[in-house]
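Reading the structure
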Amino acid sequence: MSTWIDACAYDAIEEEDVIRFDHDGRTFAIYRSLSGDVFCTDGLCTHEQVHLADGLVLDDTIECPKHNGRFNYKTGAALRTPACVNLATYPARVNGDRIEVQI
Amino acid sequence: MALAESTYEKRDYSLTGPEADRAIERGLASAEWYHTDIPRKVMKGLMRRSDGPAIRDTVLWLGLMAVTATGGVLTWGTGWAVVFFAVYGVLYGSACDSRWHECGHGTAFKTEWMNDYVYLIASFMVLRNPVSWRWSHARHHTDTIIVGRDPEIAVMRPPDLARKALAFVGIPDVVQHFAILMRNAMGRFGPDERDYIPASEIPRAIVWARIFVAIHLGAVIVAFATWSILPLVLIGGPRIYGTWHMVLVGLLQHGGLAEDVLDHRLNSRSVHMNPVSRWIYWNMNYHVEHHMFPMVPYHALPALHELIKDDLPPANRSIPHAYGEMIRALIRQRHEPGYFIRRTLPPTARPYREDLHDAASVPRTPAA
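Nothing here was measured: the structure is a model prediction, and the numbers come from that model. (Residues numbered from 1 in each chain as written. Chains lettered and ligands numbered in written order. Predicted model: local features only at pLDDT ≥ 70, side-chain atom pairs only at ≥ 80, totals over all residues.)

**Some details on the overall build of chain B**
- In terms of regular secondary structure, chain B is built from 19 helices and two strands.
- Since a compact globule built from 368 residues should have a radius of gyration of about 21 Å, the 21 Å found for chain B is in line with a globular shape.
- Within chain B, the proportion of its 368 residues that are buried is 45%.
- Sequence separation of at least 24 residues holds for 71% of the intrachain contacts in chain B that already meet a minimum separation of 6. (Helix = DSSP H or I, 4+ residues; strand = E, 2+ residues; numbered from the N terminus. Rg over C-alpha atoms; globule rule 2.2 N^0.38 Å. Buried ≥ 20, exposed ≤ 12 C-beta atoms within 10 Å, placed from the backbone. Contact = placed C-beta atoms within 7 Å.)

**Observations concerning the overall build of chain A**
- What chain A contains, in helices and strands, is zero helices and 11 strands.
- For chain A, the α and β elements follow one another from N to C terminus as β-β-β-β-β-β-β-β-β-β-β.
- Relative to its length of 103 residues, chain A is compact, with a C-alpha radius of gyration of 12 Å against a globular reference of 13 Å.

**What to know about the interface of chain A and chain B**
- Taken together, the 14 residues of chain A in the interface contact 14 residues of chain B.
- The residue makeup of the side of chain A that touches chain B, split by class, is five nonpolar, five polar and four charged. (Nonpolar A, V, L, I, M, F, W, Y, C, P; charged D, E, K, R; others polar.)

**A closer look at the pairing of strand 11 (residues 98–102) of chain A**
Residue and element names in this part refer to chain A.
- Summarising the sheet, strand 1 (residues 4–9) and strand 11 pair through five bridges and their orientation is antiparallel. Paired with Trp-4 across the bridge in strand 11 is Gln-102.
- Pairing analysis gives four bridges linking strand 10 (residues 92–95) to strand 11, with the strands arranged antiparallel. Among the inter-strand pairings, Arg-93 is bridged to a residue of strand 11, identified as Glu-100.
- The antiparallel pairing of strand 10 with strand 11 creates a hairpin that spans two residues between the two strands, and Gly-96 there sits at a positive phi of about 70°. (Pairing = 2+ DSSP bridges.)

**Some words on unusual backbone geometry**
- Residue Thr-81 of chain A is joined to Pro-82 of chain A through a cis peptide bond whose omega torsion reads 10°.
- Within the secondary structure, Pro-82 of chain A is located in the loop between strand 8 (78–80) and strand 9 (89–90).
- Residue Pro-158 of chain B is bonded to the preceding Arg-157 of chain B through a cis peptide linkage, with omega at -5°.
- Within the secondary structure, Pro-158 of chain B is located in the loop between helix 7 (132–142) and helix 8 (161–166).
- With phi around 50°, Ser-30 of chain B is a residue other than glycine that occupies positive phi space.
- Assignment of secondary structure puts Ser-30 of chain B in the loop between helix 1 (18–25) and helix 2 (40–47).
- Phi is positive for Ile-145 of chain B, close to 55°, though the residue is something other than glycine.
- The exposure class of Ile-145 of chain B is buried, given the 24 C-beta atoms found within 10 Å.

**Structural notes on the packing of helix 3 (residues 52–74) of chain B against helix 4 (residues 79–93) of chain B**
Residue and element names in this part refer to chain B.
- Where helix 3 meets helix 4, the axes come as close as 8 Å, and the angle between the chain directions of the two elements is 150°. By the angle between their directions, the pair helix 3 and helix 4 is classed as roughly antiparallel. When you trace helix 3 past helix 4, the crossing you get is left-handed. For the pair helix 3 and helix 4, the contacting residues are Trp-61, Leu-64, Met-65, Thr-68, Ala-69, Gly-71 and Gly-72 in the first and Ala-81, Phe-84, Phe-85, Val-87, Tyr-88, Leu-91 and Tyr-92 in the second.
- In terms of residue class, the contact of helix 3 with helix 4 is made up of 11 nonpolar, three polar and no charged. (Axes fitted to C-alpha atoms, helices over the stretch in contact; angles between N-to-C directions. Parallel < 35°, antiparallel > 145°, perpendicular 65-115°, else oblique. Left-handed = near helix turned anticlockwise from the far one by under 90°.)

**Things to note about the environment of Asp-11 of chain A**
All names here are of chain A.
- Here Asp-11 lies in the loop between strand 1 and strand 2 (17–23).
- The exposed category is assigned to Asp-11, around which 10 C-beta atoms lie within 10 Å.
- The spacing of Asp-11 and Thr-61 is 50 residues in sequence and 20 Å in space, taken between C-alpha atoms.

**Looking at the sheet that holds strand 9 of chain A**
Residue and element names in this part refer to chain A.
- The antiparallel open sheet is built from four strands, whose spatial order is 2-3-4-9. Only two strands of the sheet have a single neighbouring strand rather than two, namely strand 2 and strand 9.
- As paired elements, strand 2 and strand 3 (residues 26–32) share seven bridges and run antiparallel to each other. Residue pairing for strand 3: Asp-17 is matched across the bridge by Arg-32.

**Examining the nonpolar core**
- Of all hydrophobic cores here, the largest spans 108 residues; its most connected members are Val-18, Ala-29, Ile-30, Tyr-31 and Ile-62 of chain A together with Ala-122 of chain B.
- With residues up to four places along the chain from it excluded, the contact list for Val-18 of chain A reads Ile-13, Ala-29, Ile-30, Tyr-31, Leu-52, Ala-53, Gly-55, Val-57 and Ile-62 of chain A. (Core = buried A, V, L, I, M, F, W, Y, C linked by C-beta atoms within 7 Å.)

**Topic: the sheet that holds strand 1 of chain A**
Residue and element names in this part refer to chain A.
- The strand order across the open sheet formed by three strands is 1-11-10, and the pairing between neighbours is antiparallel. The open sheet terminates on both sides in strands that have one partner only, identified here as strand 1 and strand 10. Shown here is a sheet whose adjacent strand axes are inclined to one another by a mean of 35°, direction ignored.

In structure tokens, the structure reads:
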């Protein structure tokens, strides 16, 4: 079982927003929803290698900044072409004033 | 503004020829592009979606089409019909392109089904397969004006100016596009199409091609049955007699500018336009801005332009001004295809990111 990794301060992400988190040679995207819950997915769009952290969070979706492909960041489901392949998701939690992810 | 010179070798603009391999070898495919720095909070504000502006514009668009089509039908055979259909034609045969474009990006409306429906209607009007062109345009944004990668390079070098002039009346564009739809309807896709359309999307592309072809053939049958050209003036015909505005503004997007660069300031053009053209074009006159930040909806592009204009070459001050610049370059490219317009950046701008693209990527070997 992977261990929980400290990713960033909870306040580092605004409500309904995303930031990039690089760890161990990989890149991830960490989200904070309107309700304050946190989520983690792979950081690059599955269509092309574009960082999703530059994209737009809208409700439960993240939109890729390059081609406007969309994913549900809670489930990883690809919702809109050109994104066709689902995103990998990872457990994320709030621990005090920090966000931790299990990757 | 200056014209940069380089010698040239004849290029293969197909997506499956040697230029495609060359683009990949040179790191020009799916590459990192230059972006003006914008604080995240500001960018979020610009990217924010809403239905209001696009609902207003779509109701106006379809409403004006209904009014002018009705007027044209009721006055058919009189001079008034010419006036009504002149307006209807541009609404159908030109405004369709910007609606197709923005709804294809999914940025016009906040509500996804609204984007999808308007995208389908506009795709029908502009005679584009709604499935394959979505993928084509994604590639255009990935590899903008990268030869061998971009399927939407409108002005290839050396430019055929007569052909570009005929495009203002839909020739041979309409014939080509309808032929593609017919081919797709029969399940046939060329190698370039297969290069950017995933195999899983082909069946959907066939279905939509059949629907679009069937509607157009239906209009032809009604025209014969009634022995009147009116059905074709209403359906399909505007793509010929009303397409001039789409071509007028569309050629300016990249015409005469650089190929094989990774900085949109070098290969795209922003032009200040009159309000009517901007409404028909849905603000795509801010084309550098759109390519740099395709997530920004059309209605926020003027604000984006104001925000980053100091980092961009000055926008052309009008359509005639932009044409003056572009036509001079295109005429020169007929004999010296290596020429392209390299615009001067304001002192406030960050330098062109020449380092992002291979300095050798502009062809330099004289033609044999």
